[in-house]
Amino acid sequence: MTKAVIFDLEGTLLTTRECRIRAWSQTAREQGIQCDENLLHRMAHARAPQALEIMLTRSHRLYQPAEKLALLARQGDLLEEEIEQHQNELLLPEGLASLQAYQEEGLPVAAVSVVSDAESLLRRLKLRNLFDAATGELSAAAKRLHMDCGECLCVSANEETLREAQRLGMKCMLVGADAAQPVFITSKE
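Cut-offs applied
Residues numbered from 1 in each chain as written. Predicted model: local features only at pLDDT ≥ 70, side-chain atom pairs only at ≥ 80, totals over all residues. Heavy atoms only, no water. Axes fitted to C-alpha atoms, helices over the stretch in contact; angles between N-to-C directions. Helix = DSSP H or I, 4+ residues; strand = E, 2+ residues; numbered from the N terminus. Parallel < 35°, antiparallel > 145°, perpendicular 65-115°, else oblique. Left-handed = near helix turned anticlockwise from the far one by under 90°. Contact = heavy atoms within 4.5 Å. Nonpolar A, V, L, I, M, F, W, Y, C, P; charged D, E, K, R; others polar. Buried < 20%, exposed > 50% of the residue type's maximum accessible area, 1.4 Å probe, protein only.

Draft legend 1. Region of the structure containing the packing of helix α1 (residues 17–30) against helix α2 (residues 37–44). α2 packs onto α1 with a crossing angle of 120° between their chain directions and a minimal axis gap of 9 Å. Between α1 and α2, the angle falls in the class oblique. The way α1 lies across α2 gives a crossing that is right-handed. Where α1 approaches α2, its residues Arg-17, Arg-20, Ile-21, Trp-24 and Ser-25 are matched on the opposing element by Leu-40, His-41, Met-43 and Ala-44. Here the residues of the contact of α1 with α2 sort into five nonpolar, two polar and two charged.

Structure representation (structure tokens):
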């Protein structure tokens, strides 16, 4: 029986992909690095440190650790600007309806994000109060909800996230290959 629900934010409740692509694209341009659509797509689906390493594979020089930290900070600032500018476009109404349905069933809910800081993103969008926990890892989310992983349902549009959830013993719900049209089921079973 499902006792808690963990939402992978990207593609279920929010869509920040385009914001991340624009932020990474600007960061690359500032460094004189050429990024094609394929590279930007890979970067948009990775955590910031991994995305930076992907971007730097196109660089003609080596970056020192301090320079990498500065680039991550710059990309983070650009991402914040993008999110602020486009925040009304980021919410997926179907996902919010699903979240509310689970809450009406009395289930605690957590948010995770493998591509951005879930806590700060939700605070920026003034949505943090909707969740009992927010973190970057599925197991940490279950722990913060005071649940065993096997008692949690992971809702995600990302197959890799769902594979991790399965590995942890969670029930899984893929919300469809097309995250713009997610399909949700609400039930404790």
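Text resumes after the structure shown.
Draft legend 2. Local environment of the environment of Met-173. Looking at where Met-173 falls in the secondary structure, it is placed in strand β5 (residues 171–174). For Met-173, a relative accessible area of 9% puts it in the buried group. When the C-alpha positions of Met-173 and Leu-121 are compared, they lie 23 Å apart, and in sequence the two are 52 residues distant.

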